Amino acid sequence: FNFFRRLTTPVRRLGIDIGTTSIKIVEVETQGAAAPPRLVNYGILETAGYLERFNAAIQTSTLNIFEKEVSAYLTALLKKGGFQAASRRRVAASLPSFAVFTTLVETPIMSDEETVKAMNFHVKQYVPLPIASVTLDWLKVGERTDAEGNKKKQIFLIAVPNSLIENYKRIFAAANLQLTALEIEGLSLARAIAPETPEPALVIDIGSRSTGLLIVEAGFLKNQSQTDFAGASLTQSLAAGLNIIIRRAENLKRQK
């Protein structure tokens, strides 16, 4: 989370992940530049209605998110989890992979000013939305030399729909939280799980309704894709194959 500041006194912040059927919260304390962040508290709220009703999800891959329900869930989880009131003001949140547009772009070696112009050009090719309706960001994630000996700069391009950002702002404001940073979950997973992987690695993030497939190299996210075949798909297959009710299939999946 890029909102952590290098302070000499302990500072607590919240990190929140809103998934398709669950909400996860961590409370992290930072103290000084050298010390790593310390986990203080965490909580998770899981819904179960999606097992019987396909549309009963917190948010879906069609970019729908149910603001009132999520704000109520957040408020309840904060209270039940005993998160300190002082840490509730500033929050960093993750955006699901299926809600953003990403691609790896290769350009000739160029200045930062030229890169800005190049990215505005490339976004028209890769993002199926008007430029005015998205917020752009990009990260330099490496370099390579092509077959002709030309050096190429690799840039990970990110486009987030402005409507989704506004949804998140309203959700956290209604829960009396100050949203200070948003980051796509793939970047967080790459940094947390494979920070020093010298060779390309595949990270598979299986959620309830969506599975993310991430290519990570040297701690950088190089590519990501998503499929709707996920944990709920396995539960449905178990229920049908064993002829048992869906809740029993979900419990059996977790036990075995």
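Sequence order as written defines residue numbering, which begins from 1 separately in each chain. Totals for whole chains, interfaces and linings use all residues, but because this is a predicted model, local features are given only for residues with pLDDT of at least 70 and pairs of side-chain atoms are given and counted only at 80 or more. Note that water and hydrogens are dropped before the side-chain values are worked out from all heavy atoms of the structure.

### Points about helix α3 (residues 162–174)
In this model α3 runs 18 Å from its N-terminal to its C-terminal C-alpha over 13 residues, within 8% of the 18 Å that 1.5 Å per residue would give. Contact criterion: two residues are considered in contact whenever any of their non-hydrogen atoms come within 4.5 Å of each other. The helix and strand labels rest on DSSP assignments: H or I over at least four residues marks a helix, E over at least two residues marks a strand, and numbering proceeds from the N terminus. On its buried side, α3 packs onto β1 (11–18), α1 (67–81), β4 (90–95), β6 (134–145), β7 (151–161) and β8 (178–184). In this analysis, the expected span of each helix is defined as 1.5 Å times one less than the number of residues it contains.

### Examining the pattern of salt bridges
Note on definitions: salt bridges are taken to be side-chain nitrogens of Lys or Arg within 4 Å of carboxyl oxygens of Asp or Glu. Under the definition given, this model contains 13 salt bridges. The partner of K169 in a salt bridge is E166, with the nearest N and O atoms 3.6 Å apart. Linking K169 with E166, this pair stays in helix α3, spanning three residues, or about one helical turn. Looking at K169, the relative accessible area reads 45%, which means it is partly exposed. With a relative accessible area of 37%, E166 lands in the partly exposed category. One salt bridge in this structure joins E250 and R254, with 2.9 Å as the shortest N-O distance. Of this pair, E250 and R254 are both found in helix α6 (residues 246–255), four residues apart, which corresponds to roughly one turn of the helix. Throughout, exposure labels follow a simple rule: accessible area from a 1.4 Å probe, protein chains only, divided by the maximum for the residue type, with under 20% read as buried, over 50% as exposed, and the rest as partly exposed.

### A closer look at the side chain of D146
Structurally, D146 is set in the loop between β6 and β7. Positive charge is attributed to Lys and Arg, negative charge to Asp and Glu, and no charge count is given to His or to the chain ends. Buried D146, no salt bridge; nearest opposite-charge side chain is K152, N-O distance 4.3 Å. In terms of polar contacts, D146 uses its side chain to reach the backbone amide nitrogen of E148, at 3.0 Å. Think of a polar contact as two N or O atoms within 3.5 Å of one another; within protein, one of them needs to be a possible hydrogen donor and the other a possible acceptor, and neighboring residues in sequence only count if both atoms come from side chains.

### Brief notes about the packing of α1 against α3
The convention used is that axes are lines fitted to C-alpha atoms, helices contributing only their stretch in contact, and that angles between N-to-C directions extend from 0 to 180 degrees. Packing of α1 against α3 leaves a shortest axis separation of 8 Å and a crossing angle of 40 degrees. If you check the angle between α1 and α3, you find them oblique. As α1 packs across α3, the resulting crossing turns out to be right-handed. Touching E67, V70, S71 and L74 of α1 are N167, R170, I171, F172 and A174, all from α3. All residues other than Ala, Val, Leu, Ile, Met, Phe, Trp, Tyr, Cys, Pro, Asp, Glu, Lys and Arg, Gly among them, are scored as polar; the first ten of these are nonpolar and the last four charged. Within the contact of α1 with α3, the residues separate by chemical class into five nonpolar, two polar and two charged. With respect to orientation, any angle under 35 degrees is reported as roughly parallel, any angle over 145 as roughly antiparallel, any angle of 65 to 115 as roughly perpendicular, and every other angle as oblique. Crossing handedness: left-handed means the near helix sits turned counterclockwise from the far one by under a right angle, and right-handed means the same turn made clockwise.

### With respect to unusual backbone geometry
What you tend to see is this: most non-glycine residues have negative phi, and most peptide bonds are trans. In this structure, N176 is a non-glycine residue whose phi angle is positive, near 65 degrees. For N176, the location among the structural elements is in the loop between α3 and β8. The backbone phi angle of N243 is positive, close to 55 degrees, even though this residue is not glycine. By relative accessible area, N243 is classed as exposed at 73%.

### A few points about the sheet that holds strand β2 (residues 22–30)
An order of β3-β2-β1-β4-β8 is seen for the five strands of this open sheet, with the pairing classed as mixed. Each edge of the open sheet is held by one strand with a lone partner, namely β3 (38–46) and β8. Adjacent strand axes in the sheet meet at a mean angle of 20 degrees, parallel and antiparallel pairs treated alike. Contacts between α3 and the sheet are confined to β1, β4 and β8, with β4 contributing the most and set at about 140 degrees to the helix. Any two strands with at least two DSSP-identified bridges between them are counted as paired.

### Topic: a nonpolar patch on the surface
Together, L202, I204, I206, L213 and I215 make up a nonpolar patch on the protein surface, roughly 440 Å² of accessible area in all. Of all the secondary-structure elements, those providing two or more residues to the nonpolar patch are β9 (201–206) and β10 (211–217). With three residues, β9 is the single largest residue contributor to the nonpolar patch. Along the polypeptide, I215 turns up in strand β10. Judged by relative accessible area, I215 falls into the partly exposed class, the value being 34%. Only residues above 30% relative accessible area that lack a salt bridge enter a patch, with like-charged residues linked at up to 9 Å and the nonpolar side chains Val, Leu, Ile, Met, Phe, Trp and Tyr linked at up to 5 Å. Note on areas: Shrake-Rupley, 1.4 Å probe, and residue coverage restricted to the protein chains presented here.

### Let's talk about the sheet that holds strand β5 (residues 101–108)
Spatially, the three strands line up as an open sheet ordered β5-β7-β6, and their pairing is antiparallel. Looking along the sheet, the strands with just one partner apiece sit at the ends: β5 and β6. The sheet shows a mean angle of 25 degrees between the axes of neighbouring strands, direction not considered. Bridge count between β6 and β7: eleven bridges; the pairing is antiparallel. Directly across from W138, in β7, lies its bridge partner L157.

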